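Here is what each chain is made of, one letter per residue.
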Amino acid sequence: MLPWKTYDAMRQAVATDPEEFWLAAARRIAWEQAPVAACRARADGWHDWFAGGTLNSCHNAVDRHVAAGRGEQPALVWHSCATQETTRLSYAALQRRVAGFAGGLRALGVGKGDRVLIAAPCMVETAIAMLACARIGAVHVVVFAGYAAAELARRIDDVTPKILVVASCRFQGRTAVPMRETLEGALAAAAHVPEGCVIVQRAACPMPAAPGRAQDFHDFHALEQSPPVAPVPVRAEDPLYILHTSGTTGAPKGIVRDNGGHAVALSLSMELIYDCGPGDCFFTTSDLGWVVGHSYGVYAPLLGGGTSVIVEGCPSAQVVGRLCAAHDVTCLFTTPTQLRVMRQGGADAAGCDLPALKRVFVAGEYADPTLLDWARRHFHRPVVNHWWQTETGWSITAHFFGLPEAGPAGMPNDIGRPAPGFSPMVRPPAEGGGSGEILLALPLPPGCLAGIWKEGALRPPSAYLTGDGAWYRTFDEGLIADDGSVHMLGRSDDVIKVAGRRVSGVQIEKIVAGHGDVHACAVVSVSDGLRGQRPVAYVVPAAWPVRAECAGEIVERVGRGLGRWVGLKDVLFVKQLPTTVSGKIMRRTLATA
Ligand code: AMP
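Along each chain, residues carry numbers from 1 onward, in the same order as the chain's sequence is written. In keeping with the predicted nature of the model, local features appear solely for residues at pLDDT of at least 70, side-chain atom pairs appear and are counted solely at 80 or more, and the whole-chain, interface and lining totals rest on all residues. Note: side-chain values were computed over all heavy atoms of the structure, leaving out hydrogens and water.

## Description of the overall build of the chain
- Secondary structure counts use DSSP, requiring at least four H or I residues in a row for a helix and at least two E residues in a row for a strand, with both numbered from the N terminus. When helices and strands are counted, the chain shows 16 helices and 34 strands.
- We take the radius of gyration over the C-alpha atoms and set the globule estimate at 2.2 Å times the residue count to the 0.38 power. What you see for the chain is a C-alpha radius of gyration of 23 Å, in line with the 25 Å of a compact globule of 593 residues.
- Along the longest, intermediate and shortest principal axes, the C-alpha atoms of the chain span 70 × 55 × 50 Å.
- The buried share among the 593 residues of the chain stands at 59%. Accessible area is worked out with a 1.4 Å probe on protein chains only. A residue is then buried under 20% of its type maximum, exposed over 50%, and partly exposed in between.

## Considering the site of the ligand
- Residues in close proximity to the ligand total 16 residues, the closest being H386, T390, D476, R491 and K584.
- Between the ligand and the protein, one listed contact pairs an oxygen atom with a side-chain N or O atom of Q389 at 3.0 Å.
- Side-chain atoms alone can form a polar contact between residues adjacent in sequence; in general such a contact is a pair of N or O atoms within 3.5 Å, and within protein one must be able to donate a hydrogen while the other accepts it. At a separation of 2.8 Å, an oxygen atom of the ligand approaches a polar side-chain atom of K584.
- In isolation the ligand exposes 500 Å². Once the protein is present, 93% of that is buried.
- For the shell around the ligand, the residue count by class is 5 nonpolar, 7 polar and 4 charged. Being near a molecule or strand, for a residue, comes down to having at least one heavy atom within 4 Å of it. The accessible surface values rely on the Shrake-Rupley method and a 1.4 Å probe; as for residues, cover is taken only from the protein chains in view. Charged residues are taken to be Asp, Glu, Lys and Arg, nonpolar residues to be Ala, Val, Leu, Ile, Met, Phe, Trp, Tyr, Cys and Pro, and polar residues to be all remaining types, Gly included.

## Re the sheet that holds strand 14 (residues 234-235)
- Read across the sheet, 3 strands follow the order 1-4-14 without closing on themselves; strand pairing throughout is antiparallel. Pairing within the sheet leaves two strands with one partner each, and these edge strands are strand 1 (31-33) and strand 14.
- As judged from the 2 bridges shared by strand 1 and strand 4 (residues 54-55), these two strands associate in the antiparallel manner. Each residue of the ladder has a partner; that of W31, found in strand 4, is L55. Pairs of strands are assigned from DSSP output, requiring at least two bridges between the strands.

## A few points about the sheet that holds strand 29 (residues 486-491)
- The strand order across the open sheet formed by 4 strands is 24-25-28-29, and the pairing between neighbours is antiparallel. The outermost strands of the open sheet, each flanked by one partner alone, are strand 24 (424-427) and strand 29. Adjacent strand axes in the sheet meet at a mean angle of 50°, parallel and antiparallel pairs treated alike.
- Pairing geometry for strand 25 (residues 436-441) and strand 28 (residues 471-480), over 5 bridges, is antiparallel. Of the residues in strand 28, the one forming a bridge with L439 is R473. Only C-alpha atoms enter the line fits that serve as axes; for helices the fit covers just the stretch in contact. Angles between N-to-C directions range over 0 to 180 degrees.

## Here's the deal with the nonpolar core
- Residues grouped as a nonpolar core are buried Ala, Val, Leu, Ile, Met, Phe, Trp, Tyr and Cys residues, joined through side-chain atoms within 4.5 Å. Within the largest apolar cluster, 110 residues are counted, with the highest numbers of intra-cluster contacts made by W22 and Y274.
- With 10 residues, helix 5 (residues 124-136) is the largest single contributor of residues to this core.
- Every residue in contact with Y274, bar those within four places of it in the chain, is listed here: S269, F282, Y296, C331, F333, R359, F361, H386, W388 and S395. The contact rule is simple, with two residues in contact once any of their heavy atoms fall within 4.5 Å.

## So, the domain arrangement of the chain
- Domain boundaries assigned for the chain yield domain 1 (7-475) and domain 2 (499-591).
- A domain assignment, automatic or from a database, supplies the domain bounds used here. In this structure, domain 1 and domain 2 have C-alpha centres spaced 32 Å apart.
- Residue-level contacts link 20 residues of domain 1 with 15 residues of domain 2.
- A buried area of about 1600 Å², summed over both sides, lies between domain 1 and domain 2, and 54% of it is on carbon and sulfur atoms.
- Here the side of domain 1 that touches domain 2 gets 4 residues from one element, more than from any other, and that element is helix 12 (residues 336-344). The quantity reported as buried area is the accessible area (1.4 Å probe) lost by two parts once they are put together, taken as the sum for both.

## Re helix 1 (residues 7-16)
- Among all positions in helix 1, only Y7, M10 and V14 are buried. End-on, the buried residues of helix 1 take up no more than an arc of 70°, which puts them together on one face. Exposed residues on helix 1 whose side chains face more than 90 degrees from its buried face are D8, Q12, A15 and T16. Starting at the helix axis, one direction is taken to each C-beta atom, and the arc is that of these directions.

## Considering the UniProt feature "domain: Acetyl-coenzyme A synthetase N-terminal" (unreviewed entry) in the chain
- UniProt positions are given in the numbering used here, feature names are shortened, and annotations may be inferred rather than shown by experiment. UniProt annotation of "domain: Acetyl-coenzyme A synthetase N-terminal" (unreviewed entry) refers to residues 7-61 when read in the numbering used here.
- Helix makes up 42% of residues 7-61 and strand 20%, with an end-to-end C-alpha separation of 28 Å.

## Some remarks on the environment of F400
- Secondary-structure assignment places F400 in the loop between strand 22 (397-398) and strand 23 (417-418).
- By relative accessible area, which is 5% here, F400 ends up buried.
- The residues touching F400, leaving out its near neighbours within four places in the chain, are Y7, M10, L272, I273, A406, R417, P418, A419 and P420.

## Things to note about the pairing of strand 25
- For strand 25, the buried fraction is high: 6 of the 6 residues fall into the buried class.
- In terms of strand pairing, strand 24 meets strand 25 through 4 bridges, oriented antiparallel. Counterpart to M425 in the pairing with strand 25 is L439.

## Side note on the pattern of salt bridges
- The working definition used for a salt bridge is a side-chain nitrogen of Lys or Arg within 4 Å of a carboxyl oxygen of Asp or Glu. One pass over the full model with this rule turns up 28 salt bridges.
- The partner of R135 in a salt bridge is D63, with the nearest N and O atoms 2.8 Å apart. One end of the pair, R135, is in helix 5; the other, D63, is in helix 3 (residues 57-70), and 72 residues separate them in sequence.
- The exposure class of R135 is buried, given its relative accessible area of 3%.
- The salt bridge partner of R473 is E437, with a shortest N-O separation of 2.9 Å. Placement of R473 in strand 28 and of E437 in strand 25 is noted, with a sequence separation of 36 residues between them.
- Judged by its relative accessible area of 24%, R473 falls in the partly exposed class.
- When salt bridges with common partners are traced through the structure, they connect D517, R547, E549 and E553 into a single cluster.

## Overview of the side chain of R202
- Tracing the chain through its elements places R202 in the loop between strand 12 (196-200) and strand 13 (216-219).
- Overall, the relative accessible area of 7% leaves R202 in the buried class.
- Not counting the four nearest positions on each side in its chain, R202 is found in contact with W78, P121, M123, A167, S168, C169, R170, F171 and E312.

## So, unusual backbone geometry
- Each neighbour pair has its own omega, and for L442 with P443 the value is -5°, a cis peptide bond.
- You can see P443 is positioned in the loop between strand 25 and strand 26 (451-454).
- With omega at -5°, the peptide bond leading from W544 into P545 counts as cis.
- Tracing the backbone shows P545 in the loop between strand 33 (532-541) and helix 15 (550-562).
- In this structure, E455 takes a positive phi of about 45° despite not being glycine.
- Residue placement: E455 occurs in the loop between strand 26 and strand 27 (457-459).

Here's what the structure looks like:
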């Protein structure tokens, strides 16, 4: 039960005595040794959370619930859109498998602080490998399974893992894609040689023999049969995982997450933001290779004693509905891209009837209001947006359903108000104006990046700081309203300057997306001899052929909505938009096309 009823009371509590606020939040976690301080400055200029505390994240996510009598409750439900398999693991079964695989890793010589790189799709084994690393104090580095060999090699060299865990194949739609070639290519290209390679053999396409230069080749399921090991306490500030940014925020960087701050922030968020408690079922459509998959596909629901539903592939509206109904999902966390897939797949116009579902949360990229409205009609439930970064690990701004009198914040499609410990301010551009880059005051709250992994060590995230070192740069552009709600306009480098006036691509996209013939769109800037820059709209139509008048109608809508000065003339119809591997629209690629 949270001690605050209103948003203001919660903000007041964290502002008045942040140490007390966070030490109280830390009591949600089972510590081996309780922390003596909440936030402490580090010698390198960054900060640590919960110094003096020792804990084990796997114990908090799994063993603790078995000990509390939840052994038979489902912990993890996995569905593959490719193979149509569904697996359901109770907390007791998850504990057995994780403890066994942790024993297997230890037998391979993996110990505290060693990195284990996991290149596997969203599978039960991926989650087991993550938790097994946490159990023995090793650091997991999950890498999206769809990367080419060169990208995998780059990450191998960045984190120099002792062991690789790789699935024998991944799926593109329903087609199995063997991982062997990628693995061999990566091992040949990387300077670092891991000591061993563990293969998750999948029936659709087993990997026949030892790949490349890895000295040892082990079977995942055989290793799971190793003698189980107990959770090992680690220091709160010890790294739990490294996760590379997707590239939305520049060149990939290895974000380091600690154990203590991560456990505290995520368990608080479950109650405060998502209003989910023990026994509730949380369904995250994100791949485990991304931060949302880490935080809300694995750790947060399990830390909270709930059930987590995860999926391999991109589920249709029918599959999402079936999974929600079959597992009494209370909270669905998804992305605009996933909602577009559901809408395009001809989801039932009358929507679905999911009595257990309370709310749908959306994050990851700009969500146009037309799409959110469609989702509200489809689910007959509140659909809310919130703002995230890989770096922050949980939402910077959100709507707080755990506060009984939180009240509305901003417009229904906005990203909400700051989560506790996040204090944003807008740095207006040199030429003035209301919007600007959103900066966050330091220290960042628990759960955010403990630093960057660089040249074999944890470094302070200097590249994210303002020149005076006082603020964290989000590189996102927005506005803050009087009630504290944040209005997001997109990445700073997506802002278009037309004859000295600033307009974000997102502002234009919002209007373009409202045209009934538009399925998806991206607006980027091109240089203009007269006005410096002008926008160009790339549009994926809802259906081909496109009506001849459509481009003119879109130009007209934007002129009416924002003013003719915006100067949109070019509307280009395309079959699809380029996306990052995590499915977000890559505006930068279009801008240089
Ligand atoms: P990533 O670290 O790859 O998840 O990307 C983080 C970036 O995604 C943020 O800096 C934003 O630019 C964007 N983003 C995340 N959530 C939202 C949201 N709700 N609305 C708009 N953009 C978002």
